[in-house]
Each structure stands twice: as structure tokens, then as C-alpha cells.
Amino acid sequence: MATSFSATLPLHGSQENRLLLPPIRLAPPPSSFLGSTRSLTIPSSRRLYHAHASRRSPVVGVQEVVKEKKVTNSLLITKEEGLVLYEDMILGRSFEDMCAQMYYRGKMFGFVHLYNGQEAVSTGFIKLLTQSDSVVSTYRDHVHALSKGVSARAVMSELFGKVTGCCRGQGGSMHMFSKEHNMLGGFAFIGEGIPVATGAAFTSKYKREVLKQDCDDVTVAFFGDGTCNNGQFYECLNMAALYKLPIIFVVENNLWAIGMSHLRSTSDPEIWKKGPAFGMPGVHVDGMDVLKVREVAKEAVTRARRGEGPTLVECETYRFRGHSLADPDELRDAAEKAKYAARDPITALKKYLVENKLANEGELKTIEKKIDELVEEAVEFADASPQPGRSQLLENVFADPKGFGIGPDGRYRCEDPKFTEGTAQV
Amino acid sequence: MWGILRRSAVDGGGFSASSLRRTRFSLVSARSYAAGSKEMTVRDALNSAIDEEMSADPKVFVMGEEVGQYQGAYKITKGLLEKYGPERVYDTPITEAGFTGIGVGAAYAGLKPVVEFMTFNFSMQAIDHIINSAAKSNYMSAGQINVPIAFRGPNGAAAGVGAQHSQCYAAWYASVPGLKVLAPYSAEDARGLLKAAIRDPDPVVFLENELLYGESFPISEEALDSSFCLPIGKAKIEREGKDVTITTFSKMVGFALKAAEKLAEEGIGAEVINLRSIRPLDRATINASVRKTSRLVTVEEGFPQHGVCAEICASVVEESFSYLDAPVARIAGADVPMPYAANLERLALPQVEDIVRAAKRACYRSK
């Protein structure tokens, strides 16, 4: 249960920064839900969001259904689950650290956005999904791809721009796609992935209802706090609730959109509240704590699979590095960074596992070593892989290459064996 | 929230023209110019242009993502928040359709916004406002409502940023009547054209280039004056020649100039025209040049079909057909979304060798 877990970890920052609030009840149980906010009476004295307010800490939003579950022991996970979660977060962290090294050595180029600090969100959600469930992300997508099952080798090669990458070097850091693992991207424009994710959820529902297939796939859309000011977000919240789509909107609220603080750019910074305005539950969870995220995720995924519709989950999290590797990161306060560094999700999980005797230091060290080797091997593989050949430039523009039209000799251009040799001549 | 920041005293971060002359230059040693000539980066040129226009006219304000506290995503608006305060430099949330719409509405009502897009790729989220609310308004209202707004930001390919960050929008915007579309190359172009854009009573799309921001160019005293302005619709002949005309804009001007030097070694004199203004296109200069040289090579970075080059070729064929001695040649980016891999990206963009080869072919000097 969430409460027993919270006893071992500090909730949402140090005590003195917490504004004194009554715990806020979450959204009402699903069946009576019609978008009204029956329980959200907010005292007016709370509305003081001056620029440097630290985040307030409401109670973790876990639905009543979970609280009623009977648990035989007070632990949230088994040993196997714990090790899987730990390994996934270590993989995310080591991979991103290696990306930073490779970037500064010139092996990676362009825009690289790292996920350090936010691993609990990715691991917490994606490890509950099956292969046929879909994930849609933003440009900060390396770890989402890794959690979903894309191999570290494929992602690293893609970042190096090699032909063995998951997109054959054509997509790059911001565009990780994998049909096999249903990783639907990787989008550079924020907000762009949300309608795409809503469409994937639409397909899942269509398959079930129109094509009569046995499909209960859900889609998880990851995006940030900055995206929540974009029109597309609201349009999709409306439609997902209207059509009762099996989607979970996960807001990775790390408080900063490049250098723009969430509090400076948003009239009402509490994003989870926007869910009920559109007719879906809105949940706020501590995104630095993988077990809490996992509990909320379980509920949201189950809801979606049962056909009850979407959920909006706001995860309070933080990115330890700058927005991208080109960002000098001068605007964030060192005290804020330190506060969240102390809540490192990996350290927290490690502590939980060890204190609850689910694993010992030795086993965890073995995992860390294994991941280190995996990531290094991925780098070697990527280094040794060839760059894409010249002929690849014109491949995959269309699924049907007749889209290139008919050449001067009357035949389709794509049928000419010399077609791919020219570049500017095309 | 807006009232928190105070304006600091002007001097510290001041960008007035006189302090620029004294302090803002890095004298790059690689170029050999007469002693006393100044150099300026395109970034500083743009910054100084916005600064001067803002101090000259209080109706001018800047709006965009990260333009204030972050000093600009590419540091073009550096120092402006400290100098003019948050009432004139607005950090917006990430909502292009929203803030572009607000900018257009403010222009309807008489203000002069300078709206920054972090890259012009993001302007696609706001393109409805640029075209339908801004470009067409003066016509639809029969002259009652003009829209003195400037949209600026980096356009075209950078280095390794992938398909969604690398498109060139010159052709799309230049096809719309009611818009003016400018594309500077050098620091002087940047200063003069941006000032003209901000002062212009019509909507102007100002296409910069990220890779040019850090490049230094020599700049004349006249260009440093705060009333300096370049005319919209006039191209510049960067290099005179008599054998082949090469027309281009933005970053490709640099490539064309390098190509011209290579061609000069082989005895071919290339005339390089920097278009500066895509709409209105300076057809007179282009045609006069082609009538002189009889050959045309047009270069651009964007997609080939329906591009700027296509318009120039059509114009030359229509107006100077009998003067042409060789088929007109277009060099454009590859007809594919921009790939990420470094070698493929290089293949997808025109290179100096491509321009040289096309020019030689036009002069019948190669296969």
C-alpha cells in the first residue's frame, strides 16, 4: 500500500517547505464520473504561486480501488519485480550518462536530450505494459525506448547515425521508432505525440469494437509540463474522454521547459486538475518514487484495459541535467537541484530493496556491472557499425516508391537500377 | 508575475549603436581587410537591430519562447529583457498558435510585435495565423486593417537535427500574397533587413539560419547607424562575373561564393546574386544579370519541387529566353525528409562541388 511505502521515504521534499494543506481527495470512483469535481474544494489561501514557491505536496493520488485491495504483506513488489525495476532504471541512467560522454567526444551530434532523474516514470509505467501496448514520447525518448524493449545497441547505433540503428540512422535522437516493440516515436515538436498516441488508442478500441478482434492494448503518452499549455493537449483530453479511449496521459512535470519555469508559464500549475475538467480522473504522484508511480500506473492501465477510458497522471519529477546537452542550465537554482538529487529514484529503490530484504548489495552490484558491460558493448557495436550507404538516402521516403513518379523514359523512376545513385539530380 | 523584474540601468548591457562601435567587435584575424574595418556576427547584428527598433518605437515588443530570461534560445534576444523589462519582452508558454495569434491580434490593434519562432518548423503550428489572420487581412478588410508584424527565427537545416527540425519554409511562405519574405546572409543583411521588417506595415517572415548566427562579417559604418535600413525587394550582387549567374539566399550564398572562387581558378567568372528578398523577388536584377551572362544556376537548401529556384527559373525563361545559351539549372536539397546520419545529411544538402559542377555544365565545360 502506498502509505506503508511512504513511511520509508520523505514525501515531496523537506517538511518546512510543505505548505500546510488538507490532503486532497482524488477523483471519484470511475462509475459515477462525469467530469464534476465534487471533492476538490480548494481553500483560497493556497493560491499563492509566486515564482519561487516550492511544490506543494498533496496526498498521492491512488484510487480507492487500490486501497481496498487486500495485501498479505506490506510490500509493494516481489523480489523479481524489484530487480526488474532496478535493472531498468540503472539501464536508463547508465545509457544516458554514456550518451553525454559520447556527445562530448563528438560521436553523437545534433540535439540530445537526456532523461537522468526521471527514470522512475518510465520504468514505473512501461514495465507494466505488454509488447503490443504502445508508447509515444517526445524528444526525450531514449529511456522510453529502452524500457519498452528496444535494445541498447539499436538505440546507441541510431544516436551515432549508423545503419544498424533502430531507424537505420535516419531518425536520430529525437525520433526513436520501433514497430516490433510498438514504440511509436520520438517527436521533436512538443505536443505532437499526444494526438498520435490518442490515435493509437483509437485503433485499439476500433479493433475491438469494429473489427471484433480481441484487443485490449493500451497506449501511454509521455510528455512534459510545457506541453500542457499547448492546444493539442486539451483537444486530445477532450476526445479521449469523449470516445473513452484506452490511453494514459502521463505528464512528466519536471518544472522546467528549457529555461521557462512551469510556474511562470501556466495560469494554474496543477496539471492533474485538468483531467476532471474533461471528464477523466486526474492523478498527481511522486515521480521520483518508482513504486508509487507503479501503483498509480497499475490502476490507470487496468482502467484502460477494462474500457473505462483515459486517465491523466501528473508525475512530479526532475531532470538532473540540462534540457539538452547544449543547454548551459543557468536558470535553475542549485538548491532545487540538490533537493531533487537527494530524491534520486535509483537510490530510493535500492534503499527500499535492501531495507525490506528483497535483495542485497551484492545482487544489486551485479546488476549494475551487467548493465555497465551492456552499455559499453552497445557503444562498441555502434562504433563498429557502418554508416548508411549512399543509396539509403532515397529509401523509405514512401512505402510505395512509385511515389517518386515516372521518369523521362516513361518508366517508374524507382524501377531504374541507377535510381539511388544520384542525390541532387533527383 | 510580470512585475518582478526591474529594468537595470541601460549602460551595463547596452546595445546602442555607439557602444557597439566601441565594444562589440571581435576582430577576426583570418580575414585581411584594411585596418579600421569592423566585423560583426550575425547574432549581434540581429540583436542590435531589434534593440534599436525597440528603443526607437515603444510599440515594438518581442514575444516568443525563451526570449527573455533564457536570453533567447540562440541568444539573439540577449540583454533585451534586462533593458526593456517584461512588459516588452514576453516569455511565452509553448503554444505557437496561441502566441502567434495574440501577436497578430496586437498588430491589428496597432502594436508592432516581433514574434520569434524557435525554429520555423514550429511555425507550422501557427501557420493558420500567419497566412489567414496576418497575410490576408489587409486585402479582406480593403486596407482598413494592416498587420505590422515580423515573424523571425532560424530556418532550414542545422547540423544533425533530424527531419522535423530541418525544413526550409521560404517557398511555402513566399507563395502567399500579402506576406513579405526576407532571408539575410551577412551581418549587414541581417541588420538592414530586420530593421526594415520591423518598420514595415505588412507582415514579414524573416528567415534566418542557425549556422550563420556565429559567423562574422565585415560591416560598414553606414550599416552601424541606427537609421540604417535595406530596401525590401532588392537583391544584392555579391560578386560580379560575366560567364554564369548563380542566384541563392541565406547560407547558400556562402557556398556559392566559395564555388565562384573555384570557378575563377578555371577561368569561369560567376556572378553571385544574394536574393535577400524572396517575396517580392527581385526579378529585374536576376534577369539583367542573366541577360549579361546568358546562363543561370539557382541554388537553395529546401525541397526541389515548387521551390524558390523553380520560380526563378520560370521567371528567367519567361523574360529572358532569347538570351539564354544553356538550360537553366536548379540545385536544391534532396527530395527526402532530412536524414539524421551525418553522411546522409551531407548528401541531402547542396555542397560547393554541386554548384561548381552545375556551373561548369552550364558553361559546357564538362560532361
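Computed from a predicted structure; not experimentally measured.

Now for the nonpolar core. In this structure, Met-108, Phe-125, Met-156, Ile-248 and Leu-349 of chain A are the most contacted members of the largest nonpolar core, which totals 69 residues. Looking at this core element by element, the count peaks at eleven residues for helix α3 (residues 79–104) of chain A. Each residue touching Met-156 of chain A, except ones within four places of it in the same chain, is listed here: Phe-95, Met-98, Met-108, Ala-378, Val-379 and Ala-382 of chain A. Counting residues in each nonpolar core, the second largest holds 61 residues, with Ala-45, Ala-150, Phe-228 and Val-299 of chain B among its members.

This brings us to the domain arrangement of chain B. Residues and elements named next belong to chain B. Considered domain by domain, chain B is made up of domain 1 (39–224) and domain 2 (236–363). Summarising the inter-unit geometry, the C-alpha centres of domain 1 and domain 2 are found 26 Å apart. Of the residues lining the interface, 30 residues belong to domain 1; the matching set on domain 2 comes to 23 residues. Linking domain 1 with domain 2 are one salt bridge, by the criterion used here. Salt-bridge contacts for Arg-276 lead to Asp-189; the nearest nitrogen and oxygen are separated by 2.5 Å. In this structure, the connection of domain 1 to domain 2 is made through ten residue pairs in polar contact (both at pLDDT 80 or more). Among the secondary structure elements, those contributing two or more residues to the side of domain 1 that touches domain 2 are α8 (170–174), β6 (180–182) and α9 (187–199).

Right, let's get into the UniProt feature "domain: Transketolase-like pyrimidine-binding" (unreviewed entry) in chain B. According to UniProt, the "domain: Transketolase-like pyrimidine-binding" (unreviewed entry) feature falls on residues 40–215 of chain B. For residues 40–215 of chain B, the end-to-end C-alpha separation is 8 Å, with 36% helix and 16% strand making up the annotated structure.

Moving on: the interface of chain B and chain A. Across the contact, 40 residues belong to chain B and 48 residues belong to chain A. Carbon and sulfur atoms make up 62% of the surface buried where chain B meets chain A, a total of about 3,600 Å² over both sides. When the area that chain B buries against chain A is broken down by residue, the three leading residues are Ile-94, Gln-164 and Tyr-340 of chain B, summing to 20%. Linking chain B to chain A there are one salt bridge. For the salt bridge of Arg-264 of chain A with Asp-91 of chain B, the shortest nitrogen-to-oxygen distance reads 2.9 Å.

Residue and element names in this part refer to chain A. Across the interface, α3 lies against helix α11 (residues 290–305) with an axial gap of 12 Å and an inter-helix angle of 110°. Classified by the angle their axes make, α3 and α11 are roughly perpendicular. Our pair here, α3 against α11, has a crossing hand that is right-handed. Between α3 and α11, the contacting residues are Glu-81, Leu-85 and Met-89 on the first element and Val-290, Leu-291 and Arg-294 on the second. For the contact of α3 with α11, a count of residues per class yields four nonpolar, no polar and two charged.

Residues and elements named next belong to chain B. One open sheet holds the five strands; their spatial order is β9-β11-β10-β13-β14, and the pairing between them is mixed. Strands at the two margins of the open sheet, each flanked by one partner only, are β9 (236–239) and β14 (329–331). Averaged over all neighbouring strand pairs, the angle between strand axes comes to 25°, with direction disregarded. As defined by bridge partners, β9 adjoins strand β11 (residues 270–274) across three bridges and the pair is classed as antiparallel. In the sheet register, Ile-237 faces β11, and the bridge partner there is Ile-273.

All right, on to the UniProt feature "coiled-coil region" (unreviewed entry) in chain A then. With numbering aligned to this structure, UniProt lists the feature "coiled-coil region" (unreviewed entry) at residues 357–384 of chain A. Along residues 357–384 of chain A, the helical share is 86% and the strand share 0%, with 42 Å between the first and last C-alpha atoms.

To continue, consider the pattern of salt bridges. Residues and elements named next belong to chain A. By the definition in use, this model includes 49 salt bridges over all chains. Here Lys-205 makes a salt bridge to Glu-209, at a shortest N to O gap of 3.8 Å. A residue pair is termed a helical-turn pair when its members lie 3 or 4 positions apart in one helix, as Lys-205 and Glu-209 do in helix α7 (residues 193–209) at four residues. Judged by its relative accessible area of 19%, Lys-205 is buried. Given a relative accessible area of 44%, Glu-209 falls into the partly exposed group. Note that Lys-351 is salt-bridged to Glu-355, the shortest N-O span being 3.8 Å. Note that Lys-351 and Glu-355 are positioned in helix α13 (residues 345–355) at a spacing of four residues, about one turn of the helix. Lys-351 sits in the partly exposed class, given a relative accessible area of 41%. Overall, Glu-355 belongs to the partly exposed group, its relative accessible area being 43%.

Moving on, we get to the sheet that holds strand β5 (residues 150–154) of chain B. Hydrogen bonds along the backbone pair up the strands of a sheet, which may run parallel or antiparallel. Residue and element names in this part refer to chain B. Spatially, β3-β2-β4-β5-β7-β6-β12 is the arrangement adopted by the seven strands of the open sheet, whose pairing is mixed. The open sheet is flanked by β3 (89–91) and β12 (277–279), the only strands paired with a single partner. If you compare each strand with its neighbour and ignore which way they point, the axes differ by 20° on average. When β6 meets strand β7 (residues 204–208), the two strands line up parallel, connected through three bridges. Each residue of the ladder has a partner; that of Val-181, found in β7, is Val-205. Each of β2 (60–64), β4 (112–116) and β5 touches helix α5 (residues 96–108); the most contacted strand, β4, lies at about 165° to it. Packing of α9 onto the sheet brings it into contact with β2, β4, β5, β6 and β7, and relative to β7 it is tilted by some 160°.

Time to look at a nonpolar patch on the surface. Residues and elements named next belong to chain A. Residues Phe-202, Tyr-206, Val-210, Leu-211, Met-239, Leu-242 and Tyr-243 make up a contiguous nonpolar surface patch of roughly 670 Å² in combined accessible area. Of all elements in the fold, only α7 and α8 (231–242) reach the threshold of two or more residues within the nonpolar patch. Here Tyr-206 is to be found in helix α7. Judged by relative accessible area, Tyr-206 falls into the partly exposed class, the value being 40%.

Conventions adopted
- Per chain, residues are indexed from 1 in the order of the written sequence.
- As a convention, the first chain written is A and the first ligand written is 1, with the rest following in written order.
- Under the rules for a predicted model, residues below a pLDDT of 70 receive no local features and side-chain atom pairs below 80 are neither given nor counted, while totals for whole chains, interfaces and linings still include all residues.
- Calculated side-chain values reflect all of the structure's heavy atoms, with hydrogen atoms and water omitted.
- Grouping buried Ala, Val, Leu, Ile, Met, Phe, Trp, Tyr and Cys residues that are joined through side-chain atoms within 4.5 Å yields what is termed a nonpolar core.
- For each residue, the accessible area found with a 1.4 Å probe, counting protein chains only, is set against the maximum for its type, and the residue is called buried under 20%, exposed over 50%, and partly exposed in between.
- Secondary structure elements follow DSSP: runs of H or I of four or more residues count as helices, runs of E of two or more count as strands, with numbering from the N terminus.
- In this analysis, two residues are considered to be in contact whenever any of their non-hydrogen atoms come within 4.5 Å of each other.
- Domain delimitation in this document rests on an assignment produced automatically or drawn from a domain database.
- Think of a salt bridge as a Lys or Arg side-chain nitrogen and an Asp or Glu carboxyl oxygen that are within 4 Å of each other.
- Each polar contact in these results corresponds to two N or O atoms within 3.5 Å; when the atoms are within protein, one needs to be able to donate a hydrogen and the other to accept it, and residues that are neighboring in sequence are counted only if both atoms are side-chain atoms.
- UniProt positions are given in the numbering used here, feature names are shortened, and annotations may be inferred rather than shown by experiment.
- When two parts are brought into contact, each loses some accessible area as probed by a 1.4 Å sphere; the total of that loss over both is the buried area.
- For helices, the axis comes from a line fit to the C-alpha atoms of the stretch in contact; other axes are also lines fit to C-alpha atoms, and the angle between any two N-to-C directions lies between 0 and 180 degrees.
- With respect to orientation, any angle under 35 degrees is reported as roughly parallel, any angle over 145 as roughly antiparallel, any angle of 65 to 115 as roughly perpendicular, and every other angle as oblique.
- Crossings are classed by handedness, with left-handed meaning an anticlockwise turn of the near helix from the far one by less than a right angle and right-handed meaning a clockwise turn.
- In this classification, Asp, Glu, Lys and Arg are treated as charged, Ala, Val, Leu, Ile, Met, Phe, Trp, Tyr, Cys and Pro as nonpolar, and every other residue, Gly included, as polar.
- Any two strands with at least two DSSP-identified bridges between them are counted as paired.
- Like charges are joined within 9 Å and nonpolar side chains (Val, Leu, Ile, Met, Phe, Trp, Tyr) within 5 Å, but only among residues with over 30% relative accessible area and no salt bridge; these make up the patches.
- Calculation of accessible area relied on Shrake-Rupley with a 1.4 Å probe; when residues are assessed, cover is drawn exclusively from the protein chains displayed.

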